[in-house]
Amino acid sequence: MNKRMVLKTAGRIMQIISLLLLIPAIVAIIYAEVKQLFAFCITALCAFLVGLAIVKFTRTKNRVIYAKDGFAITALAWIIMAAIGAVPFVIAGDIKSYVDAVFETVSGFTTTGASILTNVEAMSRSMLFWRSFTHWIGGMGVLVFVMAIIPNFTDRSIHIMRAEMPGPIIGKLVPRVKDTAKILYLIYIFLTVLQTALLLAGGMPLFDSLVHTFGTAGTGGFGIKADSIASYSPYCQWIIAIFMLIFGVNFNIYYLLLLRRIRTALKSSELWCYISIVLVSVAVITANVAPIYKNFSTALRNSTFQVASIISTTGFATADFDLWPGLCKAILLLLMFCGACAGSTAGGLKVSRVVMLFKSVTKEIRRMLHPRSIGKVHFEGKSVEDSTLSSVSTYFVIYMICFFMVFLLIAFEPFGFESNFSAVAACFNNIGPGFSAVGPTASYAGYTDFSKIILSFAMLLGRLEIFPIVVFLSPRTWIKKK
Amino acid sequence: MKIIIVGGGKIGATLIESLENEGHDITVVDRDQKVIDEISNIYDVMCVCGNGVDNDTLKEAEVSKAELLISVTDSDEINMLICFIAKKMGASYTVARVRNPEFNDKRMGQVKQYLDLSLTINPEFLAALEIFNILKLPAAINIETFSRRNFSMIELVLKEGTHLDGMNLIELRKKYNLNFLISVVKRGDEVYIPDGNFVLKTGDHICLTANFIEIQKLLKMLGLAKKQSKSVMILGATTTCYYLAKMLIRSGTDVTIIDKDINRCNQFAEKLPEAVIINGDGAEQEVLMEEGIASTDAFVSLTGMDEENILISFFAQSQNVPRVIAKVNRNELAAMAEKLGLDSIVSPKKAVSNVVTSYARALENSLGSNVETMYKLMNGSVEALEFNVQSDFKSQHIPLKDMQLKKDVLIAGIIRKRKAFVPIGDDEIIAGDKIIVIAKSGDQKMNDLADILR
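Draft legend 1. Layout of the overall build of chain A. Helices and strands together make up the secondary structure of chain A, namely 22 helices and 2 strands. A compact globule built from 482 residues should have a C-alpha radius of gyration of about 23 Å, and chain A, at 22 Å, falls within 12% of that. Within chain A, the fraction of its 482 residues that count as buried is 52%. Considering only contacts in chain A between residues 6 or more positions apart, those separated by 24 or more positions represent 73%.

Here it is in structure tokens:
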């Protein structure tokens, strides 16, 4: 275990986060929110100094990191980010309790969008901005950002990238991790700017457009209105729905498009699965909810928006889907688990894993019919290694175990089965709103502090795909064998 | 520069490591997913799993955008085929590893031309050449040559009782009054580029650069000139052994080759009638004693097993064989063997990486003064480079003492019209010269002669 390297990275993360805190500070200046400005600046200053001290005084002789170091670095970085990012809320007094603030920040960074706020509209502007900005940072990942800007961050940085980027297989776009990270961020920034511009064109104010774009880009889902997106024009709703779907696509595909290798990009079977799941879900839900709404276009818009929001694990809402018929809710719940493509900013199991799981199940069934048959699972035009398949199945098992453990831990809450189950599903898959007591119009404020911590933990597990946190918490990672 | 390396074996990995450190963008192609996984964990490179002969695989590796493709799979024929296809698909330059003597002996030049190969590399031959050079100059533990062997650089260990202990370099130059230069000193793990006041100590590894004739004179004066090895015993009838034996036989040395495989022995007996071929297990001391290891001038261990080579070489040293050379492929083992006191260690992959790295550097700037040859010394911490001086080099006709050189950079030799000499402060660099530069390999990378200036 390269503890010095882990510590040094922690220091760097503190520095980065303190710089990022200056952006909402600018917003505080613009809206003349003195208390908030003070909160951001003092937090940024402290974090920067501590980070600087750590980086200065940690001598790293050996910069080589192995897989477990990569996991530990990632987990630690995210925990630090949440711990620091929550401080301004408390100092400024926008959120009274630190646990609530941590829940809100973890929910932000993990792009969940679950909120404990009962009245969003009462929050100060800069805090709302910060809350949504955490989505944007967390969406692509902070460590990927660090790798993109700090030269020679570490040798073997692929381990960190693997730990932070969601998906079963991480493909590099170009030979160097640093350049790959840069390309990913450039695509991310370009799409963000594009969406902001389109929203502005639709008459949404600048502040609102930025906040909602951050929420969409990171597939987070923090809004600034009590009814989320519902009060905006249909044009804005369509733009957000489409961009939610766009941010749920593997970013490698955009890179291929950039290189004009359109045919290769369109060959991606994950993309097609994703699109077909979306289309089928939209069709079924539209048919199912059509009687509730006055005309077909509203029904189509609302169902598309909700499907996009749930499958991309964003969590915006234009309709209270809690009031929809049971079939719709069932489909939405399934989409929660499915999630979007690997290599995107979305959460959930990821389409590629789901496809691989189904294919390996088919393979096993065929083996039962023909015990001597040799089968290979094919995906993206290539046969999948057995080790990848087994890691996908392992992931699924551990995912279910973690899910039910969290579910069990919060089962004592008095909200009933549907609320609790959907709350865990929504947090674990980084969506945000669930059904019933945690539905799109409600919040997580009613849960006890204990449950809030457990749920925050579930969000981290979901965002980092479980293993980094498990490695980080296991004592064997840290204790030297004698 | 974008480089594709096909084959992630021992040589492949060494190339990846040295070229990645040079700052190139590397894509690795290998058939074995396990090899690919391993490489992608260790090196910051792009990996493609697939057969390098396959069009689709090469397309995935973006061969059309590659400046250089290096094929180092274990089959010569596949390497040549891959290079041929890659060239047709748009790779600018191609390098193939071709090690089978049957290709190399005869018409390699023609084959190269037919296939449009930019370079062929033959690790076994390079290793054999290195061993041959060491055997020709018995005092040195390592020897590198520049400009067709006009100018050389030898590595010596200052053993107990040397005249040089406690002497500084200015005195040394006065005392021996020869045209030579001590360009690198390694003491413990530290490597120095010494100046005139540097004081030598017993146990130092030093690199001497000089004209070949001057070196021999100097070694004689230092009492280090030993007779050239007249009889050499080689363990392991490998390809390296074949090349080495051929060179040795041509220079009139008696060669004894020991191998336990009867088929190989038969093959060698057919190809090398002048050599004595022994069928026996070299790991058995009895066999070695019987064949007269105690009376041979040099012992070279070239089996495929690093560990075997190291251990048997120690045995040879204990029998007071004057020169013992072991082929060790794995870096960690080589470093350990050196610490334990094994004199000369030769590694084919290091030789290859030197050749390919210097080739890549020369490709990288096709203008200006090119890197002609490059050697990495002292475990890669120092580089010795040979540059051609082009007419556009700015600091021509300036005495060296007035030139603003970078820190830890040394001009160790000038070759002018086939005359090689170590320059003094009043010498100047003129277009058409070849100059030898010694530099610590740190952050700065010497690509061009202009890089030596501040």
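There's plenty left to go through after this.
Draft legend 2. Main features of the overall build of chain B. Helix and strand counts for chain B come out as 15 helices and 22 strands. In summary, chain B has a C-alpha radius of gyration of 23 Å against a globular reference of 22 Å for 454 residues, a match within 12%. Principal axes of the C-alpha set define a box for chain B whose edges measure 65 × 60 × 40 Å. Buried positions account for 44% of the 454 residues belonging to chain B. Relative to all contacts within chain B whose residues are 6 or more apart in sequence, the contacts with residues 24 or more apart total 61%.

Draft legend 3. Layout of the interface of chain B and chain A. The interface is formed by 10 residues belonging to chain B together with 9 residues belonging to chain A. Counting residues per element, the side of chain B that touches chain A draws most heavily on helix H2 (residues 33-42) of chain B, at 4 residues. Classifying every residue of the side of chain B that touches chain A gives 4 nonpolar, 4 polar and 2 charged.

Draft legend 4. View of the sheet that holds strand E2 (residues 25-30) of chain B. Residues and elements named next belong to chain B. An order of E3-E2-E1-E4-E5-E6 is seen for the 6 strands of this open sheet, with the pairing classed as parallel. Looking at the sheet topology across the chains shown, the edges are occupied by strand E3 (46-49) and strand E6 (119-121). Mean inter-strand twist for the sheet, computed between neighbouring axes without regard to direction, equals 20°. By the bridge criterion, 5 bridges tie strand E1 (residues 2-6) to E2 in an arrangement that is parallel. Note on E2: the bridge partner recorded for Ile3 is Ile26. Most of the contacts of H2 go to E3, to which it runs at about 175°, and overall it touches E2 and E3.

Draft legend 5. Quick peek at the sheet that holds strand E21 (residues 419-421) of chain B. All names here are of chain B. Read from one edge of the open sheet, 5 strands run E18-E19-E22-E20-E21, paired in antiparallel fashion. Two strands lie at the open edges of the sheet, namely strand E18 (371-377) and E21, each paired on one side alone. When strand polarity is set aside, the average angle formed by the axes of neighbouring strands in this sheet is 20°. Here E18 pairs with strand E19 (residues 382-388) via 6 bridges, running antiparallel. Counted as the bridge partner of Val371 is Phe387 from E19.

Draft legend 6. Here's a closer look at the packing of helix H16 (residues 326-338) of chain A against helix H19 (residues 417-428) of chain A. Residues and elements named next belong to chain A. Here H16 crosses H19 at 35°, and the two axes come no closer than 9 Å. Note on packing geometry: the crossing formed by H16 with H19 is left-handed. Between H16, through Leu333, Met336 and Phe337, and H19, the contact on the second element is made entirely by Ser422, Ala425 and Ala426.

Draft legend 7. Seen up close, the domain arrangement of chain B. Partitioning chain B into structural domains gives domain 1 (2-121), domain 2 (127-221), domain 3 (231-321) and domain 4 (366-452). The gap between the C-alpha centroids of domain 1 of chain B and domain 4 of chain B is 31 Å.

Draft legend 8. Local environment of the pairing of strand E4 (residues 68-71) of chain B. Residues and elements named next belong to chain B. Residues Leu68 and Ile70 point to one face of E4 and Leu69 and Ser71 to the other, with burial holding for every one of them. Here E4 runs beside strand E5 (residues 93-97); their pairing, made up of 4 bridges, is parallel. Paired with Ile70 across the bridge in E5 is Val95. Handedness of the β-α-β unit built from E4, helix H4 (residues 76-89) and E5 comes out right-handed.

Draft legend 9. Quick peek at the nonpolar core. Counting 139 residues, the largest nonpolar core has Ile17, Ala75, Trp78, Met81, Val424 and Cys427 of chain A as the members making the most contacts within it. Considering every element that reaches this core, the biggest residue donor is helix H1 (residues 3-30) of chain A, with 12 residues. Those residues within four positions of Met81 of chain A in sequence are excluded, and the remaining contacts are Ile13, Ile17, Phe109 and Val142 of chain A. If you look at the next biggest cluster of nonpolar residues, it comprises 128 residues, including Ala13, Ile134, Phe387 and Leu410 of chain B.

Draft legend 10. Up close: the environment of Thr110 of chain A. All names here are of chain A. Note that Thr110 resides in the loop between helix H5 (98-109) and helix H6 (125-140). When the C-alpha atoms of Thr110 and Thr134 are compared, they prove to be 8.3 Å apart, with 24 residues separating the residues in sequence. Leave out the neighbours within four places in its chain, and Thr110 touches Gly138, Asn430, Met459, Leu460, Gly462 and Arg463.

Draft legend 11. The arrangement of helix H2 (residues 34-57) of chain A in detail. Residue and element names in this part refer to chain A. A rise of 1.5 Å per residue sets the reference length of H2, with its 24 residues, at 34 Å; its end C-alpha atoms lie 34 Å apart and thus fit the reference within 8%. Looking only at H2, the buried set comprises Gln36, Leu37, Ala39, Phe40, Thr43, Ala44, Ala47 and Gly51. Considering only its buried residues, H2 is in contact with H1, helix H3 (67-85), helix H4 (87-92) and H6.

Draft legend 12. Looking closely at the environment of Ala139 of chain B. Along the chain, Ala139 of chain B turns up in the loop between helix H7 (123-136) and strand E7 (142-146). Sequence separation between Ala139 of chain B and Lys174 of chain B is 35 residues, and the spatial gap between their C-alpha atoms is 22 Å.

Draft legend 13. A look at the confidence of the model for chain B. In this model, chain B carries a mean pLDDT of 84, and residues with pLDDT of at least 70 account for 96%. If you check the scores for this complex, the pTM reads 0.82 and the ipTM reads 0.78.

Draft legend 14. The arrangement of the packing of helix H14 (residues 269-289) of chain A against H16 of chain A in detail. Residue and element names in this part refer to chain A. One can describe the packing of H14 onto H16 by two numbers: an axis separation of 9 Å at closest approach and a directional angle of 160°. Here H14 lies roughly antiparallel to H16, going by the angle between them. The element H14 and its partner H16 pack so that their crossing is left-handed. Of the residues in H16, those touching H14 at Ile277, Ser281, Val284, Ile285, Asn288 and Val289 are Leu327, Cys328, Ile331, Leu335 and Cys338.

Draft legend 15. Up close: the pairing of strand E8 (residues 151-157) of chain B. Residue and element names in this part refer to chain B. Burial within E8 is extensive, with 5 of its 7 residues counted as buried. Across 5 bridges, E7 lies against E8 in antiparallel orientation. What sits directly across from Ile143, in E8, is Ile154. Where E8 lies against strand E11 (residues 205-211), 7 bridges are found, and the strand directions are antiparallel. Its bridge partner being in E11, Leu156 is matched across the sheet by Ile206.

Draft legend 16. Quick peek at the environment of Tyr114 of chain B. Residues and elements named next belong to chain B. Examined against the element boundaries, Tyr114 turns out to sit in helix H6 (residues 108-115). On the basis of neighbour counts, which here come to 11 C-beta atoms within 10 Å, the residue Tyr114 falls in the exposed class. Sequence-wise, Tyr114 and Phe84 are 30 residues apart; in three dimensions their C-alpha atoms are separated by 9.1 Å.

Cut-offs used in this document
Residues numbered from 1 in each chain as written. Chains lettered and ligands numbered in written order. Predicted model: local features only at pLDDT ≥ 70, side-chain atom pairs only at ≥ 80, totals over all residues. Helix = DSSP H or I, 4+ residues; strand = E, 2+ residues; numbered from the N terminus. Rg over C-alpha atoms; globule rule 2.2 N^0.38 Å. Buried ≥ 20, exposed ≤ 12 C-beta atoms within 10 Å, placed from the backbone. Contact = placed C-beta atoms within 7 Å. Nonpolar A, V, L, I, M, F, W, Y, C, P; charged D, E, K, R; others polar. Pairing = 2+ DSSP bridges. Axes fitted to C-alpha atoms, helices over the stretch in contact; angles between N-to-C directions. Left-handed = near helix turned anticlockwise from the far one by under 90°. Domains from an automatic or database assignment. Right-handed = clockwise from strand over helix to strand, strands pointing away. Core = buried A, V, L, I, M, F, W, Y, C linked by C-beta atoms within 7 Å. Expected span 1.5 Å × (residues − 1). pLDDT = per-residue confidence, 0-100. Parallel < 35°, antiparallel > 145°, perpendicular 65-115°, else oblique.

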